[in-house]
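Residue-level listing of the chains:
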Amino acid sequence: MRTILVLNSKGGSGKTTIATNLAAHYAKRGDKVALVDMDPQGSSSDWLYFRPEDRPPIIGIEGWNGAYRLPRSLDVAVIDAPAGVHGDELAALVKRAQTLLMPVLPSPIDIRAAERFVEELNLLPAVNRGAIRLGTVINRARENSPGRIILEDYLRHVRLENGRRLPYVGVLRGSQNYLNAAERGLGIFEVAPSATAHDVELWQPILRWLHSKRALPAK
Ligand SMILES: Nc1ncnc2c1ncn2[C@@H]1O[C@H](COP(=O)(O)OP(=O)(O)OP(=O)(O)O)[C@@H](O)[C@H]1O
Ligand SMILES: [Mg+2]
């Protein structure tokens with residue numbers, strides 16, 4: 001089973017947007033997908049509540065109460081983390097996933113918070129051993145904005161303390177399309193392509209990375 005954790009301790013960075021869109025992507029491919037909502041705010045569970053019955057199904061799991069079980073024969077579990085996860089809670093989340101996707105907004109406050117969070121991730125044994133693979137995504141980017149340029153420069157150069165790169169795997173733009181799709185319980189891949197073609201294109205490097213061995217821990 002593929003386990004993908006969407007995590008950044010910073011609130012509002014796009015975790016739920018990315019987790020729900022990823023779940024929709026895998027469901028559309030025909031995979032048996034669970035969306036595990038670790039956030040008591042329940043935002044990804046809300047999204048799933050509005051998902052039309054005629055769309056590829058996604059199993060919703062409310063994981064915020066602690067122990068949760070993944071159904072057997074699942075192909076993919078996408079885990080939507082809450083904001084502000086640190087310490088033991090962070091270690092427990094990271095331990096259960098093969099891949100961590102970290103969205104970062106191109107704002108000075110978010111960049112500083114991301115730098116601190118990477119330092120915290122470095123302290124985790126699972127990260128240090130390479131038992132989980134990390135990738136970063138810029139979310140809500142604007143073409144050539146100063147914040148984006150500074151963030152790209154940081155993400156291109158940052159390394160983990162174990163010497164591994166922390167690959168920067170893609171850039172998503174800010175787009176009303178995400179809100180329109182989310183309102184209907186859909187991913188960006190599931191709505192009229194005329195409006196969303198550019199957003200779908202921006203997802204491709206992220207999906208390629210996630211589907212590749214580079215996003216999987218060595219056996
Ligand atoms: N690429 C995007 N384009 C437009 N709006 C976006 C995009 N990404 C996120 N948003 C909007 O920004 C807000 C925060 O996004 P989201 O809820 O995905 O972040 P989060 O990291 O899950 O937040 P929290 O930390 O509260 O769980 C939401 O209103 C969402 O619709
Ligand atoms: Mg969220």
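Our subject in this report is the structure included herewith. (Residues numbered from 1 in each chain as written. Chains lettered and ligands numbered in written order. Predicted model: local features only at pLDDT ≥ 70, side-chain atom pairs only at ≥ 80, totals over all residues.)

Another aspect to go through is the site of ligand 1. Not every one of the 18 residues close to ligand 1 is listed here, only the nearest: Gly 11, Lys 15, Thr 16, Thr 17 and Ala 83. For the shell around ligand 1, the elements supplying multiple residues, two or more each, are α1 (15-28), β6 (133-141) and α7 (176-183). The greatest single-element share of the shell around ligand 1, amounting to 3 residues, is contributed by α1. For the shell around ligand 1, the class distribution of residues is 5 nonpolar, 10 polar and 3 charged. (Near = placed C-beta within 6 Å. Helix = DSSP H or I, 4+ residues; strand = E, 2+ residues; numbered from the N terminus. Nonpolar A, V, L, I, M, F, W, Y, C, P; charged D, E, K, R; others polar.)

Take the sheet that holds β6 next. Within the open sheet, the 7 strands sit side by side as β3-β2-β4-β1-β5-β6-β7. Their pairing is parallel. Only two strands of the sheet have a single neighbouring strand rather than two, namely β3 (58-62) and β7 (168-173). Across this sheet, the average inter-strand angle for adjacent strands is 20°, counted without regard to direction. As defined by bridge partners, strand β1 (residues 2-6) adjoins strand β5 (residues 99-104) across 3 bridges and the pair is classed as parallel. Residue Leu 5 lies in a different strand from β5, and its bridge partner there is Leu 100. Along the sheet, helix α8 (residues 193-211) contacts β1, β5, β6 and β7; its crossing angle with β7, the most-contacted strand, is approximately 160°. (Pairing = 2+ DSSP bridges. Axes fitted to C-alpha atoms, helices over the stretch in contact; angles between N-to-C directions. Contact = placed C-beta atoms within 7 Å.)

Here we come to the environment of Pro 193. Here Pro 193 lies in helix α8. Spatially, the C-alpha atoms of Pro 193 and Leu 123 are 42 Å apart, while their sequence positions differ by 70 residues.

Once that is clear, we can look at the pairing of β3. Looking at chain direction, strand β2 (residues 33-37) and β3 are connected through 5 bridges and run parallel. Residue pairing across strands places Leu 35 opposite Gly 60, the latter belonging to β3.

Turning next to the nonpolar core. Ranked by internal contacts, the top residues of the largest apolar core, which has 59 residues, are Ile 4, Leu 5, Val 6, Ala 23, Val 78 and Ile 79. Among the elements that line this core, the one with the most residues is α1, at 7 residues. Those residues in contact with Val 6, other than ones at most four positions away along the chain, are Lys 15, Ile 18, Ala 19, Val 78, Ile 79, Asp 80, Ala 81 and Leu 101. (Core = buried A, V, L, I, M, F, W, Y, C linked by C-beta atoms within 7 Å. Buried ≥ 20, exposed ≤ 12 C-beta atoms within 10 Å, placed from the backbone.)

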